[in-house]
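Single-letter residue listing:
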Amino acid sequence: MKSYKMSQSPDNTVTVVPTDRLIFWSSAIFLPLSLLAAIDPVFIFWVIGAGIGIGFCLFNIIDVFVSRSKLKMIHVALPEVIRLSKNKPRTYKMLITNEGRPLPFLKVNLYFSEGISSPDNDQMIKELKEGSRYFLNFVLKARVLGEHEIKYCYLETVSAGGFWSVRCRRKISSQIRVYPNLMSPQGELAGLFLNRSLGIHARSLVGRGKEFEQLRDYIPGDNYEDIHWRATAKRNHPVTKTYQLERTQSIYLVLDASRLSARRLNESEVLHADERSVTILEKYVSAALMMGMVAARVGDLFGVLTFSDRVLNFFKANSGQAHFNAVRDSLFTLKPQVVSPDFSELFAFIGTNIRHRALLIFLTNLDDPVLSEDFIQKVSIINKKHLCLVSAITPRGCAELFSTQVMGSTDDLYERLAGHMVWDTAYKTKKILKSKNVDYSLFDKEHLMKDIVTRYMDVKQRQIL
């Protein structure tokens, strides 16, 4: 049952505008009288013409004052919180209640903040009866992540005489929360949860595990290192220790919200009118939420840390729907900041607040040589205690100079040379980080979520955490 928020009293004034009916009857009355007075200016015609004109004007003036309060008893209700996924239409209901006199019709229009649209925003209800309730369906679509608001609702009806349109604006603050759309066009989400593609539950974990489970009698072939010598001496026959696989582990997504993630991915693409250029950070947020869902499915604990020139938010690894909702509500309002990341503060915070060994997946771009060198130097603070993976979106044009044989012009050569320099920086960074037991990988923007989950499941399979 959704919670609806009732509209407040109308704004300062009620707007009254003439209808086509008023224009028609004004022309039909005053034009013939003017022509008749010009042809035969007799006193009687002046008296008759003045009486008809004054009576018509008085009727319209009274009609205006009587009809100004017709919308006063109309109440509009919307859900207090509306949740949408980016670029995914969703239908919501608006409740209209008439506690006053019957109305021949009512037009309803909503005013949205930037980034929200509705294809059927203008709707009309015919014949509102006294004490009646009506529901209108509005299809909402969001183009921008974050918090938005439905600020106003516009209402319109006709006056009692039908010569005036009565309009008013209502304040009706309804919050819209726009989350990342995890249903990718390639159907990656379905593949992750239908035991296909990755097969989350289909893979059997190998190895003996590290957590002690129980003692049992020695079986030929058991490792001598697993023999419990004290129990063996006590029972006078060999006794072996058995271990269980560690299934519950802590996974942290570390999101970079600095200027490195503020770059847009599709600036060179032709976008439709209802689309917007997507930032790298938006892709990182979607990947983090996807990892939260996968970790919950596997049974691991999931946490998130966001940073720029300082640590912004930290959610300790946990499980459950309430924890996931708290992380989601924090990430959907995350915006990139025009600052450079401070890796010293980040790694110091991790070393202080994440005590137990965990898998840390860093979502950041290290194509800046200065910042990548800083990351390489500072990661030594935590890489011996935690397993660190760095995932980034492949920068535009990043490729070896002669990866393709076709070279169109001199401009193409310089463009590919610039891309080769970016590739060379990434290659050197990856090589150095590998020596520090940190895996650095670049992924295509369209398959970032799937590739990160694949790496996570590989870690789970190999039990290297």
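Residues numbered from 1 in each chain as written. Predicted model: local features only at pLDDT ≥ 70, side-chain atom pairs only at ≥ 80, totals over all residues. Heavy atoms only, no water.

> Please clarify how the environment of lysine 335 should be interpreted in this entry.
Tracing the backbone shows lysine 335 in the loop between helix H6 (321-331) and helix H7 (343-353). Taking C-alpha positions, lysine 335 is 8.8 Å from serine 258, a pair spaced 77 residues apart along the chain. Side-chain polar atoms of lysine 335 contact the backbone oxygen of leucine 145, separated by 2.9 Å. (Helix = DSSP H or I, 4+ residues; strand = E, 2+ residues; numbered from the N terminus. Polar contact = N/O pair within 3.5 Å; in protein donor to acceptor, adjacent residues only side chain to side chain.)

> What is the right way to read a nonpolar patch on the surface from this model?
On the surface, Ile54, Leu58, Ile61 and Phe65 cluster together to form a nonpolar patch covering roughly 440 Å² of accessible area. We classify isoleucine 54 as exposed; its relative accessible area is 51%. (Patch = residues over 30% accessible without salt bridge, like charges linked within 9 Å, V, L, I, M, F, W, Y side chains within 5 Å. Areas by Shrake-Rupley, 256 points an atom, 1.4 Å probe, with all protein chains shown as cover. Salt bridge = Lys/Arg side-chain N within 4 Å of Asp/Glu carboxyl O. Buried < 20%, exposed > 50% of the residue type's maximum accessible area, 1.4 Å probe, protein only.)

> Is there a simple way to think about the side chain of serine 118 in this case?
Following the sequence through the fold, serine 118 ends up in the loop between strand S7 (116-117) and strand S8 (123-128). Of the polar contacts made by the side chain of serine 118, one reaches the backbone oxygen of valine 139; its length is 2.9 Å.

> Explanation requested: the packing of helix H5 (residues 280-298) against H6 in the structure shown.
When two helices pack together, their arrangement is captured by the angle between the axes and the distance separating the axes. Relative orientation of the contacting elements H5 and H6 amounts to 180 degrees, with a least axis distance of 11 Å. Here H5 lies roughly antiparallel to H6, going by the angle between them. Two secondary-structure elements touch here, H5 through Val285, Ala288, Leu289, Gly292 and Met293 and H6 through Phe324, Arg328 and Leu331. Taken together, the residues that form the contact of H5 with H6 break down as six nonpolar, one polar and one charged. (Axes fitted to C-alpha atoms, helices over the stretch in contact; angles between N-to-C directions. Parallel < 35°, antiparallel > 145°, perpendicular 65-115°, else oblique. Contact = heavy atoms within 4.5 Å. Nonpolar A, V, L, I, M, F, W, Y, C, P; charged D, E, K, R; others polar.)

> Would you mind going over the pattern of salt bridges with me for this structure?
A pair can form between side chains of opposite charge whenever their charged atoms are brought close. As enumerated under the stated definition, the model contains nine salt bridges in all. The shortest N-O distance in the salt bridge between arginine 177 and aspartate 329 comes to 3.9 Å. Highlighted residues: arginine 177 in strand S11 (residues 164-179) and aspartate 329 in helix H6, separated in sequence by 152 residues. Between aspartate 439 and arginine 455 there is a salt bridge whose closest N-O contact spans 2.7 Å.

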